[in-house]
Amino acid sequence: MRKYLLASAASLGLMVAASGAAHAQAAKAPAPGQIVVHLNGLLNDQINMIGATGDNVQGGNKLNPIGMAGFLRLYPGFDATTENGIEYGVAAELRTTYSSAGVGIHEATNSAAGAANGGVTGLAIRRAYAYIGTPQTGFVRFGQTDGIWWLLSTGEYYNFGDGNLWNADGGVGSSVPNQDHPSGLFTSSGSLYTTNKIVYISPDVAGFKAGFDFEPNSNGFKEGESCSLTTDCATLSSAAGGAGNARRKNTVTGGLEYSSEFSGTGVTLAVDYLHAAPIGVSSGGVTATGYTFNGYKSMGIAEFSGQVKYAGFTLGANVKTGQVNDGYTFLLPGQRDLLFYEVTGIYDFGPYTVGAYYFNQQSAGAYTLGSSYGRTATNYGIAVGANYALSKNLGLYATYLYGHRHQAGYNFISNSATVATGYDNVQSQAFSLGAALKW
């Protein structure tokens with residue numbers, strides 16, 4: 001008879017920030033015939049101090065340099081093993097949603113209810129996927145999940161500071177004004193892991209793992225499923241005016257990773273390639289500067305990453321380059337390719353962790369062929385963090401961020417070319433103190 005177990009915090013350990021991180025199956029497979037149900041979670045709350053170029057010049061509004069930010073994430077799911085040794089399960093990630101300040105969610109109608117209900121938010125599905133396989137044959141994932149781009153890569157970390165840093169997936173980085181927030185082509189991106197796909201990761205053979213994934217359309221569960229032959233359709237192939245620079249079709253990713261240990265030093269190297277096609281423009285299009293084009297160029301990005309671990313030290317690097325613009329968007333003809341690199345150092349000693357990284361991105365940004373902007377947008381950021389674990393379920397942290405953006409002639413504050421003087425270079429700094437409770 002199948003046995004059902006409820007996993008405790010002690011059996012699952014301290015969960016990292018994302019349910020999709022690091023592996024494609026349970027960290028420890030249940031015994032044959034057993035199913036382990038889990039409901040892990042993370043609550044973060046922190047006080048922030050932020051200063052930025054645009055914090056008091058946008059439309060006469062001025063921001064308070066002191067504020068608070070926080071979020072709740074839940075990770076429900078189960079892991080199981082059949083009697084003949086096949087491992088399978090489901091993992092999901094639910095997050096508190098964004099809303100405008102002072103506008104909550106009406107408890108009865110689930111609609112905006114005005115300032116009287118401010119502070120009330122809802123939950124949204126971020127990840128939701130199933131897996132099946134064995135260590136000997138490899139594992140298949142399907143659903144809203146991280147793909148090979150993240151699962152077979154390294155050099156990008158979220159285990160210091162507030163766990164989000166400049167990735168704007170929460171934490172103090174999300175509270176920095178958008179105009180001053182440096183853009184980085186981070187590997188863990190919602191535009192990639194919230195979409196429905198099929199993923200395969202091979203078994204480990206002498207330290208090597210390979211994998212590939214296929215995503216027909218850049219949509220999640222129930223997104224664009226009801227189709228009336230409009231641009232809202234999930235399976236849209238082309239449209240008279242196109243479907244914007246972010247919607248993909250036929251995204252394919254492949255990757256290879258090698259891990260080993262030499263005299264106590266752990267080494268991981270990985271290479272990945274992502275290719276995607278834009279939604280076609282069936283009748284051409286015109287940019288804001290009047291340049292006529294026949295559609296966006298295909299997306300093709302190479303990722304090279306590595307890490308070295310020794311005696312509590314971790315040194316990582318991640319480089320991406322290819323035919324893509326900020327935020328995993330498509331390029332227009334005449335725009336330059338993107339180059340992103342990040343270097344990270346982390347040291348763990350007892351209950352303490354300290355870490356820092358630097359990233360730099362050179363991209364087309366707002367430039368289009370014939371525009372007056374500089375051809376290259378430069379974004380770079382620094383993140384420093386320190387953590388203290390009072391227990392495996394409770395931690396305190398401090399985070400410092402510095403960011404810089406530049407594109408000649410472009411006004412980041414007004415998002416235009418008007419009165420660019422002084423605002424084609426913007427900067428931001430942020431500091432936060434917070435607590436994280438995980439179970």
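Above this note sits the structure.
Residues numbered from 1 in each chain as written. Predicted model: local features only at pLDDT ≥ 70, side-chain atom pairs only at ≥ 80, totals over all residues. Heavy atoms only, no water.

(A) Layout of the overall build of the protein. A count of helices and strands for the protein gives three helices and 21 strands. Looking at the protein as a whole, 49% of its 439 residues are labelled buried. Partitioning the intrachain contacts of the protein with sequence separation of at least 6 by distance along the chain shows that 67% fall at a separation of at least 24. (Helix = DSSP H or I, 4+ residues; strand = E, 2+ residues; numbered from the N terminus. Buried < 20%, exposed > 50% of the residue type's maximum accessible area, 1.4 Å probe, protein only. Contact = heavy atoms within 4.5 Å.)

(B) Up close: the state of the cysteines. Overall, the coordinates contain one disulfide when judged by the stated rule. Put simply, cysteine 227 and cysteine 233 are joined by a disulfide, and their sulfur atoms are 2.1 Å apart. Judged by the sign of its S-S torsion, about 90°, the cystine formed by cysteine 227 and cysteine 233 is right-handed. Of the residues examined, cysteine 233 reaches a relative accessible area of 2% and is grouped as buried. (Disulfide = S-S within 2.5 Å.)

(C) Geometry of the nonpolar core. Ranked by size, the top nonpolar core spans 33 residues in total, and within it Ile301 and Tyr357 carry the most contacts. Elements with a minimum of two residues in this core: α2 (148-151), β7 (196-201), β11 (265-278), β15 (299-310), β17 (338-349) and β18 (352-363). Tallying contributions element by element places α2 first for this core, with four residues. Discounting residues that sit within four places of it in the chain, tyrosine 357 has contacts with Phe160, Leu165, Trp166, Asn167, Phe186, Glu342, Val343, Thr344, Gly381, Ile382 and Ala383. (Core = buried A, V, L, I, M, F, W, Y, C linked by side-chain atoms within 4.5 Å.)

(D) A look at the packing of aromatic side chains. With the rule as written, the count across this model stands at 20 aromatic pairs. With a centroid separation of 5.1 Å and 70° between ring planes, the pair formed by phenylalanine 186 and phenylalanine 359 is classed as edge-to-face. Taken together, the residues phenylalanine 186 in the loop between α2 and α3 (190-193) and phenylalanine 359 in strand β18 connect sequence positions 173 residues apart. The burial state of phenylalanine 186 is the same as that of phenylalanine 359; both residues are buried. When the ring of tyrosine 358 is compared with that of tyrosine 380, the centres are 6.0 Å apart and the planes differ by 40°; the resulting orientation is tilted. (Phe/Tyr/Trp six-rings, centres within 6.5 Å; stacked < 30°, edge-to-face > 60°.)

(E) Region of the structure containing a nonpolar patch on the surface. A surface patch of nonpolar side chains, about 520 Å² in accessible area, is lined by Ile47, Met49, Ile66, Met68, Phe431 and Leu433. Looking at the secondary structure, you find methionine 49 in strand β2 (residues 34-52). (Patch = residues over 30% accessible without salt bridge, like charges linked within 9 Å, V, L, I, M, F, W, Y side chains within 5 Å. Areas by Shrake-Rupley, 256 points an atom, 1.4 Å probe, with all protein chains shown as cover. Salt bridge = Lys/Arg side-chain N within 4 Å of Asp/Glu carboxyl O.)

(F) Representation of unusual backbone geometry in the model. Phi at leucine 165 takes a positive value of approximately 55°, unusual for a residue other than glycine. Of note, leucine 165 is situated in the loop between α2 and α3. A positive phi angle is found at alanine 311, which is not glycine, with a value near 50°. For alanine 311, the location among the structural elements is in the loop between β15 and β16 (313-323). Residue class for alanine 311 comes out exposed when judged on its relative accessible area of 57%.

(G) How the structure looks around the pattern of salt bridges. For the structure shown, the criterion picks out nine salt bridges. Across the pair aspartate 169 and arginine 95 runs a salt bridge whose closest N-O atoms are separated by 2.9 Å. Within this pair, whereas aspartate 169 is found in the loop between α2 and α3, its partner arginine 95 is found in strand β4 (residues 87-96), the two being separated by 74 residues in sequence. Of the two residues, aspartate 169 and arginine 95, both sit in the buried class. One salt bridge connects arginine 127 with aspartate 146, and the closest N-O pair in it is separated by 2.7 Å. Placement of arginine 127 in strand β5 (residues 123-134) and of aspartate 146 in the loop between β6 (138-144) and α2 is noted, with a sequence separation of 19 residues between them. Across this residue pair, the class does not change: arginine 127 and aspartate 146 are buried. It is possible to trace a salt-bridge network through shared partners that takes in Glu93, Arg95, Arg126, Arg127, Asp146 and Asp169.

(H) How the structure looks around the pairing of β7. Burial of the side chains of β7 is restricted to one face: Lys197, Val199 and Ile201 are buried, whereas none of Asn196, Ile198 and Tyr200 on the reverse face is. The pairing of β6 with β7 spans six bridges and is antiparallel. In the strand pairing of β7, phenylalanine 142 is matched with isoleucine 198. Where β7 hands over to strand β8 (residues 208-217), the hairpin turn is made up of six residues, of which alanine 206 adopts a positive phi near 55°. (Pairing = 2+ DSSP bridges.)

(I) Broad picture of the pairing of β16. In terms of strand pairing, β15 meets β16 through eleven bridges, oriented antiparallel. Bridge pairing links glutamate 303 to lysine 320 in β16. Linkage of β15 to β16, two consecutive antiparallel strands, is achieved through a turn of two residues, within which alanine 311 is found at a positive phi near 50°. In the sheet, β16 pairs with β17 via ten bridges, with the strands oriented antiparallel.

(J) Seen up close, the side chain of threonine 134. Within the secondary structure, threonine 134 is located in strand β5. A residue is classified by how much of its surface remains accessible, and threonine 134, at 12% relative accessible area, is buried. In this structure the side chain of threonine 134 is engaged in a polar contact, spanning 2.8 Å, whose partner is the side chain of threonine 137. In contact with threonine 134, not counting residues within four places along its chain, are Gly85, Ile86 and Phe139. (Polar contact = N/O pair within 3.5 Å; in protein donor to acceptor, adjacent residues only side chain to side chain.)

(K) Molecular detail of the side chain of threonine 194. Looking at the secondary structure, you find threonine 194 in the loop between α3 and β7. Among the polar contacts made by the side chain of threonine 194, one reaches the main-chain carbonyl oxygen of glycine 190 at a distance of 2.5 Å. Dropping the residues within four chain positions of it, threonine 194 is found in contact with Arg126, Gln144, Asn219 and Gly220.

The quantities given are spatial measurements derived from coordinates; they are silent on function.
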